[in-house]
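Commentary on secondary and tertiary structure
Now for the letters of each chain:
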Amino acid sequence: MHIADVDSGILGATGIVGSGIAPATGAALSAKLQKSGKVSLSFFGDGAVNQGPFSESLNMAAAWNLPVIYLCEYNQWAIGTDYWRVTKEHDVYKRAEGFGMHGVQIDGFNVFAVYEAVKKAASAARMGKGPTLIEARYMRMLGHHVGDDQNYRDREDLERIQVLYEIEPVKRTRECLEGLGVPAEELDTIEQSAKQEILDAIDYADTQCHEPGLDTLYEDVYANGEIIR
């Protein structure tokens, strides 16, 4: 979650809900002022849309016609909070209208629907048509973290998850590609390659990455290498 790679355009994230929305808006302002043609894309869950930075950022982006896409991964659970219980209007995309910007609701389990929606929003942003709010509807299929027993979900909700395994994105995309004539062997190779890439990353983290030593404690804390003791 806390990944940052500025060279790749990933500005970073924190554990604070909704904290990435404002920086993404700032990046969009920078792109507009520099006329770089870049578009900023902010990902967040439905739990973030009731945070102040969401409304403040969307208002600024709409008022200044900024090239930014706000993509809400609507999985219906903000850790253990049922979004429907704490919000009267359950369609996130409708909030866009209040800011005078375009909003759209899509099937988040459909890889192609997500791709097309983002592509269209990016094209509109580059043409000077301003921001877009995309609500991608999902349902969270696992716990929020490894120790999450999901005891806050009722039996009916958990039963719906079992049905969703039949339309989850990886399985659904494979079936679509098979329907388009892509050989099963080729799809197996792609799947195994993806799994191996993940295993290699885990191995790299376990065997080659270590906690920094105490001698690095003050690095990048003070300007000009100054240390205050």
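First, a word on scope: everything that follows refers to the structure included in this document. (Residues numbered from 1 in each chain as written. Predicted model: local features only at pLDDT ≥ 70, side-chain atom pairs only at ≥ 80, totals over all residues. Heavy atoms only, no water.)

A few points about unusual backbone geometry
- Despite not being glycine, Asn65 shows a phi value in the positive range, around 55°.
- Locating Asn65 in the fold gives a position in the loop between α2 (52–63) and β2 (68–74).
- Judged by its relative accessible area of 32%, Asn65 is partly exposed.
- The phi dihedral of Ile79 falls on the positive side, at around 60°, and the residue is not glycine. (Helix = DSSP H or I, 4+ residues; strand = E, 2+ residues; numbered from the N terminus. Buried < 20%, exposed > 50% of the residue type's maximum accessible area, 1.4 Å probe, protein only.)

Section: the nonpolar core
- One finds Phe44, Val49, Phe54, Tyr70, Val92, Met101 and Leu133 to be the most contacted residues of the largest nonpolar core, which totals 19 residues.
- Of all the secondary structure elements, the ones that give two or more residues to this core are α1 (21–34), α2 and β2.
- Among all residues touching Tyr70, those that are not within four sequence positions of it are Ile21, Thr25, Ser42, Phe44, Ser57, Leu58, Ala61, Met101, Pro131, Thr132, Leu133 and Ile134.
- Ile69, Leu71, Ile134 and Ala136 belong to the second largest nonpolar core, which has 10 residues in total. (Core = buried A, V, L, I, M, F, W, Y, C linked by side-chain atoms within 4.5 Å. Contact = heavy atoms within 4.5 Å.)

Digging into the packing of aromatic side chains
- In the structure shown here, the tally under the stated rule is 4 aromatic pairs.
- When the centroid spacing of 5.2 Å and the interplanar angle of 45° are considered together, the rings of Trp77 and Tyr152 count as tilted. Of this pair, Trp77 sits in strand β3 (residues 77–78) while Tyr152 is found in the loop between β6 (132–137) and α6 (155–164), placing the two residues 75 residues apart along the sequence.
- Its end group placed over the ring of Tyr74, Arg137 keeps NZ or CZ at 4.1 Å from the ring centre. (Phe/Tyr/Trp six-rings, centres within 6.5 Å; stacked < 30°, edge-to-face > 60°. Lys NZ or Arg CZ within 6 Å of the ring centre and 35° of its normal.)

Some details on the sheet that holds strand β5 (residues 102–107)
- Overall, parallel pairing links the 4 strands, which are arranged β1-β2-β6-β5 in an open sheet. One side of each edge strand has no neighbouring strand; the edge strands of this open sheet are β1 (40–45) and β5. Adjacent strand axes in the sheet meet at a mean angle of 20° when their direction is disregarded.
- In this fold α1 packs onto β1 and β2, with an angle of close to 170° to the strand it touches most, β1. (Pairing = 2+ DSSP bridges. Axes fitted to C-alpha atoms, helices over the stretch in contact; angles between N-to-C directions.)

Remarks on the packing of α1 against α2
- For the pair α1 and α2, the least separation of the axes is 9 Å and the interaxial angle reads 15°. Taken together, the axes of α1 and α2 lie roughly parallel to each other. Here α1 and α2 pass one another in a crossing that is left-handed. Contacts between α1 and α2 pair Ile21, Ala22 and Thr25 from the former with Pro53, Phe54, Ser57, Met60 and Ala61 from the latter.
- Across the contact of α1 with α2, the residue classes break down as 6 nonpolar, 2 polar and no charged. (Parallel < 35°, antiparallel > 145°, perpendicular 65-115°, else oblique. Left-handed = near helix turned anticlockwise from the far one by under 90°. Nonpolar A, V, L, I, M, F, W, Y, C, P; charged D, E, K, R; others polar.)

Overview of a negative patch on the surface
- Side chains of Glu197, Asp200, Asp203 and Asp206 sit close together on the surface and give a patch of like negative charge.
- Checked against the element boundaries, Asp200 lands in helix α8 (residues 184–208). (Patch = residues over 30% accessible without salt bridge, like charges linked within 9 Å, V, L, I, M, F, W, Y side chains within 5 Å. Areas by Shrake-Rupley, 256 points an atom, 1.4 Å probe, with all protein chains shown as cover. Salt bridge = Lys/Arg side-chain N within 4 Å of Asp/Glu carboxyl O. Lys, Arg positive; Asp, Glu negative; His and termini not counted. Charge placed at Lys NZ, Arg CZ, Asp CG, Glu CD.)

Overview of α2
- Spanning 12 residues, α2 covers 17 Å between terminal C-alpha atoms, matching the ideal 16 Å at 1.5 Å per step.
- Every buried residue of α2 is listed here: Phe54, Ser57, Leu58, Ala61 and Ala62. Looking straight down α2, one finds its buried side chains confined to an arc of 125°; they lie on one side. α2 presents Glu56 and Ala63 as exposed residues on the side facing more than 90 degrees away from its buried surface.
- Those residues of α2 hidden inside the fold are in contact with α1, β1, β2, α4 (95–99) and β6.
- Positioned one or two residues after α2, Asn65 has a phi angle of 55°, which is positive. (Expected span 1.5 Å × (residues − 1). Arc of directions from axis to C-beta.)

Some points on α1
- Helix length check: α1 (14 residues) gives 20 Å between terminal C-alpha atoms against 20 Å at 1.5 Å per residue, within 8%.
- Taken as a whole, α1 has its buried residues at Ile21, Ala24, Thr25, Ala28 and Ala31. On an axial view of α1, the arc spanned by its buried residues comes to 115°, and they lie on one face. In this structure, α1 carries Leu33 and Gln34 as exposed residues pointing more than 90 degrees from its buried face.
- Against β1, α2 and β2 lie the buried residues of α1.
- Once α1 finishes, Lys35 follows within two positions and takes phi at roughly 55°, a positive value.

So, to be careful, I would describe these as geometric facts and stop short of saying anything about function.
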